[in-house]
Amino acid sequence: MTASDPVLEDRLAGIVLNSIRHPVIMLDDAGHISYANADAEAFFRSSASILSRNTLDMLLPFGSPLLALVKQVRENPSPVNEYRVDVSSPRLGQDRIVDLYVTPVSESPGSIVILFKERSMAEKLDRQMTHRGAARSVTGLASMLAHEIKNPLSGIRGAAQLLETGLNDDDRALTRLITDETDRIVSLVDRMEVFSDERPIEREAVNIHVVLDHVKAIAKNGFASHIKFHEDYDPSLPYVFANRDQLVQIFLNLVKNAAESIGQNEPGEITLSTAFRPGIRLSVPGMRTRVSLPLEFTVQDTGPGVAPDIMPHLFDPFITTKPNGSGLGLALVAKIVGDHGGVIECDSVPRKTTFRILMPAWQSGPLDDEHADEKPYSKKAGS
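Residues numbered from 1 in each chain as written. Predicted model: local features only at pLDDT ≥ 70, side-chain atom pairs only at ≥ 80, totals over all residues. Heavy atoms only, no water.

As annotated in an unreviewed UniProt entry, the protein chain carries the name histidine kinase and is attributed to Phyllobacterium brassicacearum. Under Catalytic activity (unreviewed entry), UniProt gives the following word-for-word description of the protein chain: "ATP + protein L-histidine = ADP + protein N-phospho-L-histidine." (UniProt positions renumbered as here; feature names shortened; annotations may be inferred.)

Right under this line is the structure:
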């Protein structure tokens, strides 16, 4: 065969398109999908043979901006790019934000090639950096509060206790109100002081399933006794490179939030899951090389979901929907995950809210950037 052989050319074209790590499809002049690479099959959740039986408008919601772009390219055969296009649908899923590159095929009149570039991971990284910035701002505020507020509060509380001894019952109730409120403020400042702890994290190989089972036992014997738990664990998962106590703090906070979202009088379910995913790479504090984050841990609940106006600020300090909440719980979770070099994200629709954490795996030797995405672990974290 020679390079001009049509069969060989088609085969090489298929190899090249499947090597592109973005969904790519080609439409014929009738609007049918004549080609879809491997990433497009995953994106549309259908095989290429099934996609070939459909036109693009059968796969997208009515009035999708992509359909208008295709029409525009047909009428004026020149490439068009559109950024941050929402193609969400029951078939494709929620929050499917993509950049679109729509190009006519000059060798095949009427045919159009569409490349989808998903923005989700880039935006998750951007939000993660915002979360860390918010945590750093709380760090400075916590240090200031510790020095400037706790000492005067101690004097106010002491004075109120001295006054209490010579007052009648009605006035004594007011002094007790003063002491109770000062105690509450001191407790809030103590919680914020955690943000100012910049000491290096003592990390080791931790079995995440032992941590999750411990958290579940605490929840089942206390605040989540009325909730049904499910586990979806990967028994071959490697150890996570983390601080065990801080992992317990992370998941106890997330499970408690999930239980409070469901409510005390409502039947609900919480699902804890673990999985191995090819992870993104981030710089971990204290390490010169970048590491991948292949370990995925999720906490999913059947509560009413997070309000859309709260979602962009969910991990910011003092953001809460609870009547008596301080809004520091998820901010602290984001700080701890960030200190481990990990990423936390939340996806929420009614009856399905998922907190997803990506974290680095433990390795017996120094982390090798060249092989960071491989899975050469002999130790398992079986449940």
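> When you look at the packing of helix α10 (residues 244-262) against helix α11 (residues 329-339) in this model, what are you seeing that I'm missing?
Contact geometry of α10 with α11 gives a least axis separation of 10 Å together with a crossing angle of 145 degrees. The hand of the α10/α11 crossing is left-handed. Contacts between α10 and α11 involve Q246, Q249, I250, N253, L254 and N257 from the former and G329, L330, L332, V333, I336 and V337 from the latter. (Axes fitted to C-alpha atoms, helices over the stretch in contact; angles between N-to-C directions. Helix = DSSP H or I, 4+ residues; strand = E, 2+ residues; numbered from the N terminus. Left-handed = near helix turned anticlockwise from the far one by under 90°. Contact = heavy atoms within 4.5 Å.)

> Mind showing me how you'd approach the pairing of strand β4 (residues 97-104) here?
Across a regular strand the side chains alternate sides, sitting on one face of the sheet and then on the other. Here strand β3 (residues 80-86) runs beside β4; their pairing, made up of five bridges, is antiparallel. In the sheet register, V85 faces β4, and the bridge partner there is V98. Two elements, β4 and strand β5 (residues 112-118), share seven bridges in a ladder whose sense is antiparallel. The partner of V102 across the bridge, within β5, is I114. (Pairing = 2+ DSSP bridges.)

> Help me understand the pairing of strand β14 (residues 352-359) in this model?
In terms of burial, β14 is largely enclosed, as six of its eight residues are buried. In the sheet, strand β12 (residues 295-301) pairs with β14 via seven bridges, with the strands oriented antiparallel. Bridge pairing links Q300 to T354 in β14. Bridge count between strand β13 (residues 343-349) and β14: seven bridges; the pairing is antiparallel. By the bridge assignment, E345 is partnered in β14 with R356. Linking two consecutive strands that pair antiparallel, namely β13 and β14, is a turn of two residues; a positive phi of about 75 degrees is found at R351 within it. (Buried < 20%, exposed > 50% of the residue type's maximum accessible area, 1.4 Å probe, protein only.)

> Looking at this model, I keep getting lost on the packing of aromatic side chains. Mind explaining?
How two aromatic rings sit relative to each other is given by the distance of their centres and the angle of their planes. One pass over the full model with this rule turns up five aromatic pairs. A centroid spacing of 6.3 Å and a plane angle of 75 degrees characterise the contact between Y239 and W362, whose relative ring orientation is edge-to-face. With a gap of 123 residues between them, Y239 in the loop between β7 (228-232) and β8 (240-242) and W362 in the segment after β14 connect regions that are remote in the sequence. One aromatic cluster is present, formed by F43, F44 and F116 through successive ring pairs. (Phe/Tyr/Trp six-rings, centres within 6.5 Å; stacked < 30°, edge-to-face > 60°.)

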